[in-house]
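# Inside the fold
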Amino acid sequence: MMEADDGEILVTAQDQFVAPPNGGLNELLNVGQEADMQDQVEEFLAPQAEYNEEEEERKYYRRKRLGVIKNVLAASFGAMIVYSVYMGLLQMQLLLHYDMTYREVKYSNLHLEDIDHKMLMGINVTPIISLLYTPILIRFLGTKWMMFLASGIYALFVSTNYWERYYTLVPSAVAIGVAIVPFWASLGSYVTRMAQQYYEFTNYKDENVQEQKKLPKGVCHSYIIVFQSIFYIIFHLSFVFAEFPMLFVINGYVYEDGHILANVTSCGAKITGVIPGFSPTLLRNLPRSMLLIEVESVLMGFAFFAMIIFLLLCGAAYRPTEEIDLRSIGWGNIFQLPFKHLRDYRLRLLCPFFIYSGLELLFAVTGFSLSYGVCALGLKQLWLLIVIYGLSCSIFSSLSLFLLYLPRWACLMGGAVVHGVLLVVLMAFSPEKSDSKYEIPVLVISVLWGLGTALNKTGVSTLVGMLYAEEKERLDFVYTIYHWWQAIAIFIVYLWSNLPMRAKLSILLATLLLACYCYWVMERRLAKKIQYRLPRIPRPRHKVKGYRYLEEDDSDESDSDRSEEEDEDDEGYAVEEMNEDNIEEEGQGAGVLGADSPGARRRVAGGYRPRGEDAIIKEGEGEEHQEG
C-alpha cells in the first residue's frame, strides 16, 4: 500500500463515497418536473379567458328548450300513429265482419257478429271504471311510461287480428278500454307539463324557478296554448291516415251503391238507427288472406314504431325527486283525490263540456258519416268524408293560437256556435240515397263540423291546462276527470245506436246548451273571485331509513308547489323555514328535535314543540315549584 505524502489526506476504502451517475442531475430534473406539473394544474384549474359562464348557461338552457319541443312533437306523432293504426284496423275489421259472405265462408261457426258485439262492449263500457285506477297507474308508472304501456296495448289489439277468435279479440278489446283513459290523461298532463318546463327553461334566472317554488299565475299560459295547438294539429291527421286501408284495400272489393243501398228508403234526420235496410253483403269477392295479413303486418309495424317513439324520443315529465314525491303521498290519497277534485266548482261546471266533447267526435265518425254520408254518397265515399273531416280538424286546430290575443272563452264558444247551427241544420236535412247532388252539402257540413271539433278539442284541453297551470301535482287528476267524462260519452253513444236520428241530435244540442250555460256560470264566478275548493295534497311521507334522509340536504323532498289551502293550514306551524344556523343560535338544534324530518324543523321554527319536549319542560317547572 502506498504511503501518503506529506500534506495529503489518506482516504480509506471505507470512507470513500462513490456518487451515482447523473444523480444530481436527476434530482434537479425531478424538482423541475414537479414545478412544471404544479404550473399545469394551476393553469388547468384557473378560469379560462375564453370561457364565458353566462354564454354556456344560455346554450345549455337552449338545448333544454329544444328538448321540450322534441318531446311535444314525439308525443303528438306517437299518439297520431297509434290512433291511425287503431281506427284504420277497427274500421276494416268491422266492415269485413259485417259482410255475411265473409263470416260464412271464412268463419262459419265462430259467430263473428256476436264477437264484434262483445268487442265493442269491451271498448265502450270498460272505461267507465277508469276513474278508480287511472291516477294510481299514472303515479306509479309516470306519464312517459304510461303512454308507452298504453301504446303497447294498442299494438296488442293489432296483433290479435292475426288469429281472430273470441279469446283473442275480446280480451284485447277490454284491454283497449282499460287503457283509453290513462293514455289520454297521460297525454294531456304530459303536454301541459312540457309547457311548464319550457317556461322554466326560458326564465331560468328567476328566483321562483331556481328555488322550485310555485309558478306565478298565468306565466305559462301562452306555452300551453301553443303546445296544445301543436298536439291537435298533428293528432287529427290520424283520421286521414286511418282511411288508407279502406282506400287502398277494401274499396276494390266493395259492391256498387245500387246493390248496397237497394233496400234503403230514407237517409239523414228521418231514419232510426244507423242505416235501416243496409245490405248485409258488401263485398263482391273476398280479399285474399295473405293480403289481409300483409295489411295487418304494416299496421303492426307502425304500432311498434309508435312504441319506440314514446320510449326513445319522449323525455321525462318530472325530475326524479318530483316523481318520488308524487308517489310518496300514499296510495289511499292518490285513489281519493280524483273524487275530491270534483268538489272544485270549475271542474263540476266543465263536466257538460267534457261529455259533449266526446259525444260530438263519435257522432261525426259514426252517426253523421254513416247516416248522412254513406247513405247519400255510397260506401265507397266513406274514406273521402273522414279524410275531409280529419284535414279540417287538423288545419283549424291552428285557430286556437288566436287565444294568445283573445280571451280564453273565444275558442270554446266559437266551436259551440258552429256546432249549434249545424245541429239545427241536420235536424231538417234528409238527403236522398245515392244522389250525387248532395255531395257538396255533405262535404261542406263535414268541413264545418271539423272546424267545430278543432275549436272544441283544443279549447277544452287548453282551458283545463290554464286553470291548473301552476298546480303541477294536480295535472294527472284533472285530466283523468276530463277524459273519464269523455268515456261516459263513449258509453252514451254505444247505448243510443238504435235511437231515431232526431233524438240523437236533440241530445247533442241539449248537452251543448247546458255546457255553454255551465261554462258561463264558471267564468262569472271566477270574475267575482269566488273561492274554489281544492283538496289538500299531503306532503310526501318519506321513511327515515338509510343514509338518504339523515340530513335535510339529502332528502328527496323537493320544494314542489303547494296549494293555497295547504299553505293556510300550515300557517299555525310555520310561516317560513329557518335554516340550521338560526336554529343553533336559538338553542334549538337538530338534536333537540328528536327527528330529522323537514316537517319537524318547520314546526319547531314556528314555535311548536314536540310532545316529548313539552313534557320535559313541564317536569322541570314542577321540580322548581316543589323546591320553592
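This structure is a prediction, so every number in the text was calculated from the model and none was measured.

Rules and cut-offs
Residues numbered from 1 in each chain as written. Predicted model: local features only at pLDDT ≥ 70, side-chain atom pairs only at ≥ 80, totals over all residues. Heavy atoms only, no water. Helix = DSSP H or I, 4+ residues; strand = E, 2+ residues; numbered from the N terminus. Polar contact = N/O pair within 3.5 Å; in protein donor to acceptor, adjacent residues only side chain to side chain. Contact = heavy atoms within 4.5 Å. Buried < 20%, exposed > 50% of the residue type's maximum accessible area, 1.4 Å probe, protein only. Expected span 1.5 Å × (residues − 1). pLDDT = per-residue confidence, 0-100. Axes fitted to C-alpha atoms, helices over the stretch in contact; angles between N-to-C directions. Left-handed = near helix turned anticlockwise from the far one by under 90°. Nonpolar A, V, L, I, M, F, W, Y, C, P; charged D, E, K, R; others polar. Phe/Tyr/Trp six-rings, centres within 6.5 Å; stacked < 30°, edge-to-face > 60°. Lys NZ or Arg CZ within 6 Å of the ring centre and 35° of its normal. Parallel < 35°, antiparallel > 145°, perpendicular 65-115°, else oblique. Core = buried A, V, L, I, M, F, W, Y, C linked by side-chain atoms within 4.5 Å. Disulfide = S-S within 2.5 Å. Salt bridge = Lys/Arg side-chain N within 4 Å of Asp/Glu carboxyl O.

On to the side chain of Thr-126, then. Considering the arrangement of structural elements, one finds Thr-126 in the loop between helix H4 (112–125) and helix H5 (134–141). Polar contacts involving the side chain of Thr-126 include one to the main-chain carbonyl oxygen of Gly-122, which spans 2.6 Å. When neighbours within four sequence positions are excluded, Thr-126 is seen to be in contact with Met-121, Val-174, Gly-177 and Val-178.

Further remarks concern the environment of Trp-496. Among the secondary structure elements, Trp-496 is positioned in the loop between helix H20 (475–495) and helix H21 (501–527). Exposure remark for Trp-496: the relative accessible area of 6% places this residue in the buried category. As for Trp-496 and Ile-507, which are separated by eleven residues in sequence, their C-alpha atoms are 10.0 Å apart. Setting aside residues no more than four positions away along its own chain, Trp-496 makes contact with Leu-359, Phe-363, Lys-504, Ile-507 and Leu-508.

As a further point, take helix H13 (residues 289–313). Across its 25 residues, H13 extends 36 Å between first and last C-alpha, which sits within 8% of the 36 Å expected from 1.5 Å per residue. All of the buried residues along H13 are Leu-291, Leu-292, Val-295, Glu-296, Leu-299, Met-300, Ala-303, Ala-306, Met-307, Ile-309 and Phe-310. Among the structural elements, helix H2 (53–98), helix H3 (100–106), helix H6 (143–159) and helix H7 (166–202) are those in contact with the buried residues of H13.

The next subject is the confidence of the model for the chain. When pLDDT is low, close inspection of the predicted coordinates is not appropriate. Residues of the chain with pLDDT of at least 70 account for 79%, and the chain-wide mean is 81. Predicted confidence is poor over residues 544–628, with pLDDT under 50, and the contacts of this stretch with residues over four places away or in other chains come to 92 contacts.

In helix packing, the relevant descriptors are the interaxial angle and the interaxial distance, both defined with respect to the helix axes. Between helix H9 (residues 221–235) and helix H19 (residues 439–467), whose axes approach to 9 Å, the crossing angle comes to 145°. Handedness of the crossing formed by H9 with H19: right-handed. Along its contact with H9, which presents His-221, Ile-224, Ile-225, Gln-228 and Tyr-232, the element H19 presents Lys-457, Thr-458, Ser-461, Thr-462, Gly-465 and Met-466. In terms of residue class, the contact of H9 with H19 is built from four nonpolar, six polar and one charged.

Another aspect to go through is the packing of aromatic side chains. Each pair of aromatic rings is reported with the distance of its centres and the angle of its planes. A full pass over the atoms with the stated rule returns 35 aromatic pairs. Aromatic side chains Tyr-83 and Trp-184 sit 5.6 Å apart centroid to centroid with 65° between the ring planes, which places their arrangement in the edge-to-face category. Linking Tyr-83 in helix H2 with Trp-184 in helix H7, this pair joins segments that are 101 residues apart in sequence. Here Tyr-83 falls in the buried class, since its relative accessible area comes to 9%. One cation-aromatic arrangement involves Lys-144 over Trp-145; the distance from NZ or CZ to the ring centre is 5.4 Å.

Okay, the packing of H7 against H9 next. The contact between H7 and H9 brings their axes to 9 Å, and the two run at 140°. Considering the angle they form, H7 stands oblique to H9. Handedness of the H7/H9 crossing: right-handed. Along the contact surface, H7 presents Trp-184, Leu-187, Gly-188, Val-191, Thr-192, Met-194, Ala-195, Tyr-198, Tyr-199 and Thr-202, while H9 presents Tyr-223, Ile-224, Phe-227, Gln-228, Phe-231, Tyr-232 and Phe-235. Class assignment for the residues of the contact of H7 with H9 results in 13 nonpolar, four polar and no charged.

What follows concerns the nonpolar core. Counting 166 residues, the largest nonpolar core has Tyr-83, Phe-183, Trp-184, Leu-187, Phe-363, Leu-379 and Leu-426 as its most contacted members. A total of 19 residues in this core trace back to one element, the largest contributor, which is helix H16 (residues 345–377). When near neighbours in sequence (up to four residues on either side) are disregarded, Leu-426 contacts Ala-269, Phe-363, Phe-368, Tyr-372, Ile-445, Trp-449 and Leu-505. Core analysis: the second largest hydrophobic core is formed by five residues, Ile-329, Ile-334, Phe-477 and Ile-537 among them.

Looking now at the state of the cysteines. Note: disulfide means a covalent bond formed between the sulfur atoms of two cysteine side chains. In this structure the tally under the stated criterion is one disulfide. Through a disulfide, Cys-267 is tied to Cys-375; the S-S separation comes to 1.7 Å. Measuring the twist about the S-S bond at about -70°, one finds the Cys-267-Cys-375 disulfide to be left-handed. Of this pair, Cys-267 sits in the loop between helix H12 (257–260) and H13 while Cys-375 sits in helix H16; the two residues are 108 residues apart in sequence, bridging distant segments of the chain. There is no split in this pair, since Cys-267 and Cys-375 are both buried.

All chains considered together, the criterion is met by 14 salt bridges. For Glu-55, the salt bridge is made with Arg-58, and the minimal N-O distance between the two is 2.4 Å. Taken together, the residues Glu-55 and Arg-58, both in helix H2 and three residues apart, mark about one turn of the helix. Between Glu-322 and Arg-193 there is a salt bridge, and its shortest N-O distance comes to 3.7 Å. Within this pair, whereas Glu-322 is found in helix H14 (residues 320–327), its partner Arg-193 is found in helix H7, the two being separated by 129 residues in sequence. Residue Arg-193 is classed as buried on the basis of its relative accessible area of 1%. Residues joined in a network through salt bridges with shared partners are Arg-193, Glu-200, Arg-319, Glu-322 and Lys-472.

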